[in-house]
Every structure is written in structure tokens, then in C-alpha cells.
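Okay, here's what each chain looks like letter by letter:
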Amino acid sequence: ELHIPDGLYVFTSSILIPENATDLMIDASPRARIEARFSTTGSSGFVVNANVTNAVNNTTRPRRITIRGGDWGRQYSAPLADGSATVTFTGNIFAVYCDDLTLIDVQCNGLGPNGRYISGGGDRWRIFGFRGRFGTKAVTGSGGIRPVFGDDILVVGADITCADDALQAVPADSALFA
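Scoring rules and cut-offs
- Residues numbered from 1 in each chain as written.
- Predicted model: local features only at pLDDT ≥ 70, side-chain atom pairs only at ≥ 80, totals over all residues.
- Heavy atoms only, no water.
- Pairing = 2+ DSSP bridges.
- Helix = DSSP H or I, 4+ residues; strand = E, 2+ residues; numbered from the N terminus.
- Buried < 20%, exposed > 50% of the residue type's maximum accessible area, 1.4 Å probe, protein only.
- Phe/Tyr/Trp six-rings, centres within 6.5 Å; stacked < 30°, edge-to-face > 60°.
- Salt bridge = Lys/Arg side-chain N within 4 Å of Asp/Glu carboxyl O.
- Patch = residues over 30% accessible without salt bridge, like charges linked within 9 Å, V, L, I, M, F, W, Y side chains within 5 Å.
- Areas by Shrake-Rupley, 256 points an atom, 1.4 Å probe, with all protein chains shown as cover.

Strands sit in the order β2-β5-β8-β13-β16-β19 across an open sheet of 6 strands; the sheet is parallel. Single-partner strands in this sheet number two, and they are β2 (7–11) and β19 (159–160).

Set out below in C-alpha cells:
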């Protein structure tokens, strides 16, 4: 179990979930701001599997991952060190491929273009009390919760503001939320 106390935590690379991880718990204080200051593309993200390909193919998919609390986000943009330009940070916050994922009272504030608060896949996802908020930079293509495969997905008490789909099953004819 990892406890994250009150404070600002800035990351310049992804938090990696190990292959075959089981019973992993991240417990963050509600006043802990966990912020990504980098871009990701595709199926990657701020919190992501160490080996996405194997996790998707279920060869090393983690199981029983719980994340509770915290204000997770991505700084939308920042000036380069020399001040010559501003870079925009893109990508997903949570890009997790695991079975038995539980998110409780997780908050996401700030998200760059072409990203989602939660993306990934797996069976038996439980998301309770999730809150997602964009800043003033919401753009089309930036979405909420997007599982790309899995069975038995439950989202309860979510409050999501985004510029695209708040809750989206992929493919669109999927029975993920049936």
C-alpha cells in the first residue's frame, strides 16, 4: 500500500503499474495534488501499465488495483525552460489495463487535448464518486471514462465535465454497460 499525504507531487514521467501486480493500493489524501507535466500518446497515460501490450493481451494483466482519493491531473501547458515557447501536454491520466480495478473518490482536474480521465480495459471495474473537471482549455477529443474492452463495468456517482463523451464504450456497439 502506498499512502500519499497532503501536498503537491509533480511527475515528469508515468507512474508504472508492474506486470502481474496484485492487490496494489494507492491511498491519496483528498488534498494531495498528483500532477503530470509531460505528454503521452495512444494507449499510454500518467498512471499506466509497465507493459501495455502484454496487459491488453492478458498475459500479464494486473489484478485487484485500488486507487482511493487524490486530485490527479495534468498541467495543460507550461513555458519551456528557456521561455522561448509554451508546450501543451496531451494524453490520458489513467490508462490502466487490469481486472478488478476500483477507483474511489478520485478527482481529476485538468486534462490536455486528445486524452481521457480514465482509459483502458479489463473485467470488473468499479468506479465510485469519480469527479472529472477540465480547466478552461477543454477541446473536442478530450473525454471522460473510456473502457476499450472488458465485462462488468460499474460507474456510480460520477460527475464528469469534458468536451467529448463523458462515458464511452469502445467499440460503440459494445455491451460493456449493459
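Taken across its 5 residues, strand β5 (residues 32–36) has 5 buried, putting it largely inside the fold. Burial of β5 is two-sided: the residues A32, I34 and A36 facing one way and the residues R33 and E35 facing the other way are all buried. Where β5 and strand β8 (residues 71–74) come together, 4 bridges link them in parallel fashion. Bridge pairing links I34 to W72 in β8.

On to the packing of aromatic side chains, then. Here the distance between the centres and the angle between the planes together describe a pair of aromatic rings. According to the stated counting rule, one finds 5 aromatic pairs in the structure shown. An aromatic cluster is built from F11, F46, W72 and F94, whose rings are joined through pairwise contacts.

A separate point is the pattern of salt bridges. Within the structure shown, the criterion is met by 9 salt bridges. The closest approach of N and O atoms between E35 and R33, which form a salt bridge, is 3.1 Å. With a relative accessible area of 18%, R33 lands in the buried category. The partner of R61 in a salt bridge is D99, and the shortest N-O contact between them spans 3.1 Å. With R61 in the loop between α1 (52–56) and β7 (63–68) and D99 in strand β12 (residues 99–104), this pair connects stretches of sequence that are 38 residues apart. Residue classification places D99 among the buried residues on the basis of a relative accessible area of 4%. Several salt bridges share partner residues, and in doing so they unite R33, E35 and D71 into one network.

Before going further, it helps to spend a moment on a nonpolar patch on the surface. Taken together, the side chains of F128, L154 and V156 make up a nonpolar region of the molecular surface, amounting to roughly 210 Å² of accessible area. Its location among the elements puts F128 in strand β15 (residues 125–128).

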